[in-house]
Amino acid sequence: AAQGRAVSSREIGAAIGVSPRFTNQCFDAVFGMSVHRYLRLRRLAEARRRLMAGGNGLLVKQVALDLGLWHFGRFALAYRDLFGETPSQTLATGGRRPGR
């Protein structure tokens, strides 16, 4: 898939020669979640990795867009729910919370 575009279970299935339904069944059996949830968690984890690495001029918005996370409000909420801090806080502290 192109950068900035999410991959679908249909595309995964087509790449390996199985149906989208079978792809979802396999993801559920192996990872205990849907393809959609698995891929979203992977994108959030990659966003965190990039934000922790930081860099001159790195913007939260650009990280989200590069990973296909276009709805910034949902991205920020999902990120905070998963990691306990906002993407901006991770960028500012490199993932190190004050007092740790």
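On a predicted model such as this, the values are computed, not experimentally measured, just so you know. (Residues numbered from 1 in each chain as written. Predicted model: local features only at pLDDT ≥ 70, side-chain atom pairs only at ≥ 80, totals over all residues. Heavy atoms only, no water.)

Q: What is the right way to read the packing of helix H3 (residues 35–53) against helix H5 (residues 72–83) from this model?
A: Between two packed helices, the angle of one axis relative to the other and the distance separating the axes together describe the packing. Between H3 and H5, whose axes approach to 11 Å, the crossing angle comes to 85 degrees. Here H3 is positioned roughly perpendicular relative to H5, judged by the angle of their axes. Residues Leu41, Leu44, Ala45, Ala47, Arg48 and Leu51 of H3 lie in contact with H5, whose contacting residues are Phe75, Ala78, Tyr79, Leu82 and Phe83. Grouping the amino acids of the contact of H3 with H5 by side-chain chemistry returns ten nonpolar, no polar and one charged. (Axes fitted to C-alpha atoms, helices over the stretch in contact; angles between N-to-C directions. Helix = DSSP H or I, 4+ residues; strand = E, 2+ residues; numbered from the N terminus. Parallel < 35°, antiparallel > 145°, perpendicular 65-115°, else oblique. Contact = heavy atoms within 4.5 Å. Nonpolar A, V, L, I, M, F, W, Y, C, P; charged D, E, K, R; others polar.)

Q: Sorry if this is basic, but what is going on with helix H1 (residues 9–16) here?
A: Three- or four-residue spacings in an α-helix give side chains the same orientation, since the helix completes a turn every 3.6 residues. Among the residues of H1, those classed as buried are Ser9, Ile12 and Gly13. Down the axis of H1, the smallest arc covering the buried residues is 95 degrees, so these residues share one side. Residues of H1 that are exposed and angled more than 90 degrees away from the buried face: Arg10, Ala14 and Ala15. Where H1 is buried, its residues touch helix H2 (20–31) and H3. Looking one or two residues beyond H1, the residue adopting positive phi is Gly17, at roughly 80 degrees. (Buried < 20%, exposed > 50% of the residue type's maximum accessible area, 1.4 Å probe, protein only. Arc of directions from axis to C-beta.)

Q: Before we go on, may I ask you to explain the confidence of the model for the protein chain in this structure?
A: It should be kept in mind that the predicted coordinates are not to be read in detail where pLDDT is low. In the predicted model, the protein chain carries a mean pLDDT of 89, and 90% of its residues have values of at least 70. Model confidence for the protein chain, summarised as mean pLDDT per element, is weakest for H1 at 90 and strongest for H5 at 96. (pLDDT = per-residue confidence, 0-100.)

Q: Where do I start with the environment of Ala6 in this structure?
A: Inspection of the secondary structure puts Ala6 in the segment before H1. Assessed through its relative accessible area of 25%, Ala6 is described here as partly exposed. Once the C-alpha coordinates of Ala6 and Arg40 are considered, the two residues, 34 residues apart in sequence, prove to be 8.6 Å apart. Those residues in contact with Ala6 that lie beyond four places of it in its chain are Glu11, Arg43 and Trp70.

Q: What is the right way to look at the side chain of Glu85 in this model?
A: Here Glu85 is to be found in the loop between H5 and helix H6 (87–93). Residue Glu85 is classed as buried on the basis of its relative accessible area, which comes to 4%. A polar contact of 3.0 Å, which involves the side chain of Glu85, links it to the side chain of Arg48. (Polar contact = N/O pair within 3.5 Å; in protein donor to acceptor, adjacent residues only side chain to side chain.)

Q: Where do I start with the nonpolar core in this structure?
A: Within soluble globular proteins, side chains that are nonpolar tend to cluster in buried spots. One finds Leu44, Ala47, Leu51, Val60, Val63, Ala64, Leu67, Leu69, Phe75, Tyr79 and Phe83 forming the largest nonpolar core, which totals eleven residues. Secondary-structure elements contributing two or more residues to this core are H3, helix H4 (60–66) and H5. Residues contacting Val63, with those up to four places away along its chain left out, are Ala47, Arg50, Leu51 and Leu58. Residues Ile12, Met33, Leu39 and Leu41 belong to the second largest nonpolar core, which totals seven residues. (Core = buried A, V, L, I, M, F, W, Y, C linked by side-chain atoms within 4.5 Å.)

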